[in-house]
Amino acid sequence: NSSNSSKSRPVPWPKIETFQLYYLISRFLTTGPCRRAAEVLINELEEYQLLPGRLDWLGNEHPRTYEDVVAANRHIAPDHLLQICKQLGPVLDKEVPSCVPGVHSLLGCGKQSMLRTAKGTAFISAVFCI
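Residues numbered from 1 in each chain as written. Predicted model: local features only at pLDDT ≥ 70, side-chain atom pairs only at ≥ 80, totals over all residues. Heavy atoms only, no water.

## A short note on the nonpolar core
Then, number 1: Counting residues in each nonpolar core, the largest one holds 15 residues, and the members touching the most others are Phe 19, Tyr 23, Leu 24, Leu 45, Leu 51, Tyr 66 and Val 69.
Then, number 2: Sorting the residues of this core by element identifies helix 1 (16–29), helix 2 (35–47) and helix 3 (66–72) as the ones contributing at least two each.
Then, number 3: What Leu 45 contacts, discounting residues up to four positions off in sequence, is Tyr 22, Ser 26, Leu 50, Leu 51 and Tyr 66. (Core = buried A, V, L, I, M, F, W, Y, C linked by side-chain atoms within 4.5 Å. Buried < 20%, exposed > 50% of the residue type's maximum accessible area, 1.4 Å probe, protein only. Helix = DSSP H or I, 4+ residues; strand = E, 2+ residues; numbered from the N terminus. Contact = heavy atoms within 4.5 Å.)

## Topic: the confidence of the model for the chain
Atomic detail in the predicted coordinates should be set aside for any region of low pLDDT.
Then, number 1: In this model, the chain carries a mean pLDDT of 84, and residues with pLDDT of at least 70 account for 80%.
Then, number 2: Per-element mean pLDDT across the chain ranges from 48 in helix 5 (residues 122–127) up to 97 in helix 2. (pLDDT = per-residue confidence, 0-100.)

## What to know about the pattern of salt bridges
Then, number 1: Taken as a whole and judged by the stated rule, the model has one salt bridge.
Then, number 2: When the shortest N-O distance is used, the salt bridge between Asp 93 and Arg 116 registers 2.5 Å. With a gap of 23 residues between them, Asp 93 in helix 4 (residues 80–95) and Arg 116 in the loop between helix 4 and helix 5 connect regions that are remote in the sequence. As far as burial versus exposure is concerned, Asp 93 and Arg 116 are alike and both buried. (Salt bridge = Lys/Arg side-chain N within 4 Å of Asp/Glu carboxyl O.)

## Some points on unusual backbone geometry
Then, number 1: Phi at Gln 49 takes a positive value of approximately 50°, unusual for a residue other than glycine.
Then, number 2: Note that Gln 49 resides in the loop between helix 2 and strand 1 (54–55).
Then, number 3: Residue Gln 49 is classed as buried on the basis of its relative accessible area of 15%.

## Examining helix 2
Working note: α-helix, 3.6 residues per turn, so residues spaced by three or four point in the same direction.
Then, number 1: If you check helix 2, its first and last C-alpha atoms are 18 Å apart, about what 13 residues at 1.5 Å a residue would give, namely 18 Å.
Then, number 2: Gln 49 lies just past helix 2 and shows a positive phi near 50°. (Expected span 1.5 Å × (residues − 1).)

## Considering the side chain of Arg 116
Then, number 1: Its relative accessible area of 6% is what places Arg 116 among the buried residues.
Then, number 2: Of note is the side chain of Arg 116, whose polar atom sits 2.8 Å from the backbone oxygen of Val 96.
Then, number 3: Here the side chain of Arg 116 touches Ser 113 through a polar contact of 2.8 Å, landing on its backbone oxygen. (Polar contact = N/O pair within 3.5 Å; in protein donor to acceptor, adjacent residues only side chain to side chain.)

## Remarks on the packing of aromatic side chains
The geometry of an aromatic ring pair is captured by the separation of the ring centres together with the interplanar angle, meaning the angle of the planes.
Then, number 1: Tallied over the full model, the rule gives two aromatic pairs.
Then, number 2: A network of ring pairs unites the aromatic residues Phe 19, Tyr 23 and Tyr 66 as a single cluster. (Phe/Tyr/Trp six-rings, centres within 6.5 Å; stacked < 30°, edge-to-face > 60°.)

## Brief notes about a nonpolar patch on the surface
Then, number 1: On the surface, Ile 84, Leu 88, Leu 106 and Leu 107 cluster together into a nonpolar patch covering about 410 Å² of accessible area.
Then, number 2: Secondary-structure assignment places Leu 107 in the loop between helix 4 and helix 5.
Then, number 3: With a relative accessible area of 78%, Leu 107 lands in the exposed category. (Patch = residues over 30% accessible without salt bridge, like charges linked within 9 Å, V, L, I, M, F, W, Y side chains within 5 Å. Areas by Shrake-Rupley, 256 points an atom, 1.4 Å probe, with all protein chains shown as cover.)

Structure (structure tokens):
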């Protein structure tokens, strides 16, 4: 509703997964050495209204601040994204074992790629590994 905010969205409304990733990245950045990057991201999340709005009892959507979203998601720690990343390797290894068991990197390629599949796309990825 344009009457609720003087700013218009310069980009299409992101899918819920995109918002969640932006949010988790911003939470991660708030506690590390890149706090200014976190501030910039948080400002842009608010400026471009990329945070989910709240609905009033009539079903009208209203913008929320970053702090409102943090308060509504108290169960999400600043290191939540890091914890998710740490769990990816072991979970993937159960389905598609890597060539070096127990070695996990988000930057891996080929048979060490986090994007590997049982159908062997690791070979295609390996061509581009440096």
